[in-house]
Amino acid sequence: MKQYGLTEKISQESSLHENLFTGRVASQYKDICKVITEYGEMLAEISGKLRFEAKSSADYPAVGDFVMLDRADGTRGNGIIHHILTRKSLLERKAAGESGEAQIIAANVDKIFICMSCNNDFNLRRLERYTAIAYASSAQPVITLTKADLCENPQDFAVQAESAAPGTEIIFTNAGKDGCQPVFEKIKPGQTAAFVGSSGVGKSTLINKLIGEEILVTKNIRSDDKGRHTTTVRELFLLPSGGIVIDTPGMRELGVESADLSNSFPDIEEIILQCKFSDCSHKNEPGCAIVNAITENRLSPERFENYLKLQKEASYIGLDSKQIEDEKFKRMFASIGGSKNMRKFIKEHYQAKGKGV
């Protein structure tokens, strides 16, 4: 299990669970997981107790999790997962749809390779979002510019990526014989790396090269450089070099469940400290450093708008639907002012009609 990332710390925690066996979730389906144990692969289901106590999807086993099972192999049928061991890192996003529930992408990851292709699908705002989520996971993000051999000036994309994620490491990959060597060098034996990015950026091609065989299906991109979905489930693979990789489905929509803005927007947070007033709204106050930076072209308005958008999403983290609604009203009333009774009337009217003010 050491080659699958089992550490001394995890072993010590697992020893507290008597008569159970340690495994790591390699892939996850609707009601069943494929788990790696000391004796190989097996299928496992979630115990009734674990399912009953789960308050959200984040409380269920995810790819990369270390779990405790009732058996070491599947010779007597599917195993039963009784416990999820402490996660050292957690890459998650907000699920699509109205629920807004957290959706775990991968657990116990050491490095996150954020794949962006050097073509028309390159998107700075999406890169900022990926980076904020990656830093929040407690894993180390690495911006991976793929298909560098298919563009004339790949360095131009690196300059743009640096502007969107200052200080984050940037590497290039291509379809050549040694095109994935920069990635190889960053995944040490026992370490786990997750690959994220939109469909068609080359994640599956890159992982196939790392593994040394065509395990994952790949498809050509469309004529407009947009990707086609190939990966449909998250899956964990062992590399010949001893590292572990997790492939994930392409995610063009990436709702924020948790975000580290200090690491992903260090330039903006440094500028904000220079504002004359600590409660500056960065609109028309005198001495606003943000306004000055945008006016002097030291900060793009699009980057600042995305920062505010992610900041707003992050402020709703951990709130239920009613709390989110109340928070939205607070923001609304902060801008329109008015008496307490007037604000109460507007809020009640809004709730009764289900319409905007």
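Residues numbered from 1 in each chain as written. Predicted model: local features only at pLDDT ≥ 70, side-chain atom pairs only at ≥ 80, totals over all residues. Heavy atoms only, no water.

Some details on the side chain of S14
Phase 1: Looking at the secondary structure, you find S14 in helix α1 (residues 8-14).
Phase 2: A polar contact is formed between the side chain of S14 and the backbone oxygen of S11, at a distance of 2.7 Å.
Phase 3: Once you skip the residues sitting within four places of it in the chain, S14 turns out to touch T22, M68 and L85. (Helix = DSSP H or I, 4+ residues; strand = E, 2+ residues; numbered from the N terminus. Polar contact = N/O pair within 3.5 Å; in protein donor to acceptor, adjacent residues only side chain to side chain. Contact = heavy atoms within 4.5 Å.)

Some points on the packing of helix α3 (residues 124-136) against helix α4 (residues 154-164)
Phase 1: With their axes 9 Å apart at the nearest point, α3 and α4 run at an angle of 50 degrees to one another. Between α3 and α4, the angle is such that the two are oblique. Every pair of crossing elements has a handedness; the one defined by α3 and α4 is right-handed. Packed against α3, whose contacting residues are L124, L127 and E128, the element α4 presents Q160, A161, S163 and A164 at the interface. (Axes fitted to C-alpha atoms, helices over the stretch in contact; angles between N-to-C directions. Parallel < 35°, antiparallel > 145°, perpendicular 65-115°, else oblique. Left-handed = near helix turned anticlockwise from the far one by under 90°.)

What about the pairing of strand β8 (residues 111-117)?
Phase 1: With seven of seven residues buried, β8 is to be regarded as a mostly interior element.
Phase 2: Of the two faces of β8, the one carrying K111, F113, C115 and S117 and the one carrying I112, I114 and M116 are both buried.
Phase 3: Two elements, β8 and strand β9 (residues 140-146), share seven bridges in a ladder whose sense is parallel. Bridge pairing in β9 links K111 to Q140.
Phase 4: In terms of handedness, the path from β8 via α3 over to β9 forms a crossover that is right-handed. (Buried < 20%, exposed > 50% of the residue type's maximum accessible area, 1.4 Å probe, protein only. Pairing = 2+ DSSP bridges. Right-handed = clockwise from strand over helix to strand, strands pointing away.)

Comments concerning the nonpolar core
Proteins that are soluble and globular tend to have nonpolar side chains buried together.
Phase 1: I112 and L145 are the most contacted members of the largest nonpolar core, which totals 32 residues.
Phase 2: Those elements that place two or more of their residues in this core are β7 (102-107), β8, α3, β9, α4, β11 (192-196) and β13 (244-247).
Phase 3: If one sorts the elements of this core by residue count, α3 sits on top with five residues.
Phase 4: If near-sequence neighbours (up to four positions away) are discounted, L145 is found in contact with M116, C118, F122, F157, A158, I170, I171, F172 and T173.
Phase 5: Grouped together as the second largest cluster of nonpolar side chains are 17 residues, I171, C180, L239 and V245 included. (Core = buried A, V, L, I, M, F, W, Y, C linked by side-chain atoms within 4.5 Å.)

Remarks on the confidence of the model for the protein
Phase 1: Residues with a pLDDT of 70 or more make up 78% of the protein, whose mean pLDDT is 83.
Phase 2: Long-range and interchain partners of residues 219-232, a stretch whose pLDDT sits below 50, account for 34 contacts in this model, where long-range means more than four residues apart.
Phase 3: Throughout residues 334-338 the model reports pLDDT below 50, and contacts reaching past four residues in sequence, or to other chains, amount to three contacts. (pLDDT = per-residue confidence, 0-100.)

Remarks on unusual backbone geometry
Phase 1: A positive phi is found at N108, a non-glycine position, where the angle reads about 55 degrees.
Phase 2: Note on placement: N108 falls in the loop between β7 and β8.
Phase 3: By relative accessible area, N108 is classed as buried at 4%.
Phase 4: Phi is positive for K147, which is not a glycine, with a value near 60 degrees.
Phase 5: One can find K147 in the loop between β9 and α4.

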